[in-house]
Amino acid sequence: MKQYTERLFVFGFVGTMFLMALLFFILPHQRFSELENRYLQAAPQLTWDNLLSKQYAEEVESFITDHFPFRDKWLWVKSTAEKYRLQQENNGIYQGKDGYLFEKFVEPDYATVAHYTEAVNAFAEGHPEVAMTFLLAPTSIGLYPERLPWLAPSYSQRKVNQWVAGHMHNEIKFMNGFDFLTLHAAEPIYYRTDHHWTTYGAYLAYVAYAEQQGWQPLSPQQFHIETVSQSFLGSYHTRSQFTNVTPDQIDVYIPRDAVTTEMYIADTDQTVNSLYDPSFLAKKDQYAYFLGGVHALMKLTTELSPQQIDQEKLLIIKDSYAHNVIPFLTRHVPEIHVIDLRYYNGSIDAYLTEHDIQDVLFLFNTTTFVDDGSLLKLK
């Protein structure tokens, strides 16, 4: 009987492995995961170079992991099992209080952060004729540490922002997001399920920047505030796959005295006449509703009367925290250039000269800034 049982287990195991391998080759392979909101590993190409460098083996492992049969279902099972184990962290995401999810934030390598900061300083020193502002915004874990699970470790983003402020040269106006967000901490500044700030949080950043520039920001009463989605489950939910999470809502601020903005997307050589793309509201990445998602280079041209113009041109070097801030800025600047250094590989120096730009805004969140080596492209 024992021998029969052992054979049954062996044949069952071998049969299961054979079936999963067969399904791996039969089932279609997706290029993009809506659930995880990312591109999956493409089939690796075998060459002598990547074989000797072990790159091929790493890509094969990633390819199998990303296209494992019924991967989405296994992620859901894993998340559900960990929930019933009362585990409050999954894939680097904490399940906090008041329905908030938070990305784990650890002490950064300050030597690396110093390299990024120095790249910005060197860029500013190389262009003394250009006025530069650096806005560094905390993510939700920085502003709401009291909403973390009990004893959940987290390093202070406030310390990081203060360190960066202390190492920015005087040529750069530094704006610490804590300074203008803390007073509004009880208000809906951040999405609960995503790493971005809400449109209201973006509005607060816009007001702070406008006042720093000497502009008169538009008041909330000058906008029609419309809710365009009540089903947004963002990047934190995507990574954690926690169940029974309340979706966020996405609001858009439309000026009551509307103006026309033309947006040229250099990546696709396409021009559109809206700062918003409603098609993304039916997809997983609903935040891409703002500006149509991430692009390497964009140029926004707005029809403003002479009385509305506070500044002729502005270059924004940014991460995705800028996406819902930029529509506010179009009410003051008729020509805005937007560069995402993660995807743009041209010369920033040459771009400034070619377009005669005299004002630059860096806009990053703390988590991206300490981990994003693309800032070294400034050198």
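Keep in mind that what you see is a predicted model, and the values were worked out from it rather than measured. (Residues numbered from 1 in each chain as written. Predicted model: local features only at pLDDT ≥ 70, side-chain atom pairs only at ≥ 80, totals over all residues. Heavy atoms only, no water.)

Asker: Quick one: what's the story with the overall build of the protein chain, residue by residue and with numbers?
Answerer: Helix and strand counts for the protein chain stand at 13 helices and 15 strands. Counting only residues that meet the buried cut, the protein chain has 49% of its 379 residues in that class. Within the protein chain, counting contacts between residues at least 6 apart in sequence, those at least 24 apart form 71% of the total. Accessible surface, the protein chain as shown: approximately 19,400 Å² in total, 56% of it carbon and sulfur. (Helix = DSSP H or I, 4+ residues; strand = E, 2+ residues; numbered from the N terminus. Buried < 20%, exposed > 50% of the residue type's maximum accessible area, 1.4 Å probe, protein only. Contact = heavy atoms within 4.5 Å. Areas by Shrake-Rupley, 256 points an atom, 1.4 Å probe, with all protein chains shown as cover.)

Asker: Before we move on, could you go through the packing of aromatic side chains and cite the residues and values that matter?
Answerer: Throughout the structure, instances matching the rule amount to 27 aromatic pairs. Between the aromatic rings of tyrosine 144 and tyrosine 190, the centroid separation amounts to 5.8 Å while the plane-to-plane angle is 85 degrees, which identifies the pairing as edge-to-face. Residue tyrosine 144 is found in the loop between helix 6 (140-143) and helix 7 (157-167), and its partner tyrosine 190 is found in the loop between helix 8 (177-181) and helix 9 (199-213); the two are separated by 46 residues along the sequence. Each member of the pair tyrosine 144 and tyrosine 190 is classed as buried. Pairing tryptophan 197 with tyrosine 321 gives two aromatic rings, centres 4.9 Å apart and planes at 40 degrees, and the pair type is tilted. (Phe/Tyr/Trp six-rings, centres within 6.5 Å; stacked < 30°, edge-to-face > 60°.)

Asker: Could you give an account of helix 5 (residues 110-125), naming the residues involved and the relevant values?
Answerer: Along its 16 residues, helix 5 runs 22 Å from first to last C-alpha, staying within 8% of the 22 Å computed at 1.5 Å per residue. By the burial criterion, the buried members of helix 5 are Tyr110, Val113, Tyr116, Thr117, Ala119, Val120, Asn121, Phe123 and Ala124. Taking the backbone nitrogen of alanine 111 as reference, a side-chain oxygen 3.1 Å away marks aspartate 109 as the first, capping residue of helix 5. (Expected span 1.5 Å × (residues − 1). Polar contact = N/O pair within 3.5 Å; in protein donor to acceptor, adjacent residues only side chain to side chain.)

Asker: Which residues make up the sheet that holds strand 12 (residues 297-302), and what are the values?
Answerer: One open sheet holds the 8 strands; their spatial order is 7-6-15-13-14-12-10-11, and the pairing between them is mixed. What marks the edges here is a single partner per strand, and that holds for strand 7 (172-176) and strand 11 (270-272). Adjacent strand axes in the sheet meet at a mean angle of 20 degrees when their direction is disregarded. With 5 bridges connecting them, strand 10 (residues 261-265) and strand 12 associate as antiparallel partners. Counterpart to tyrosine 264 in the pairing with strand 12 is lysine 299. With respect to the sheet, helix 12 (residues 348-355) is in contact with strand 12, strand 13 (313-318), strand 14 (335-339) and strand 15 (359-365), its orientation differing from that of strand 13 by roughly 165 degrees. (Pairing = 2+ DSSP bridges. Axes fitted to C-alpha atoms, helices over the stretch in contact; angles between N-to-C directions.)

Asker: Mind laying out helix 7, listing which residues take part and the relevant values?
Answerer: When we look at burial in helix 7, the residues that qualify are Gln157, Val160, Asn161 and Val164. Down the axis of helix 7, the buried side of the element spans an arc of 95 degrees, and every buried residue falls inside it. Taking the backbone nitrogen of arginine 158 as reference, a side-chain oxygen 3.2 Å away marks serine 156 as the first, capping residue of helix 7. (Arc of directions from axis to C-beta.)

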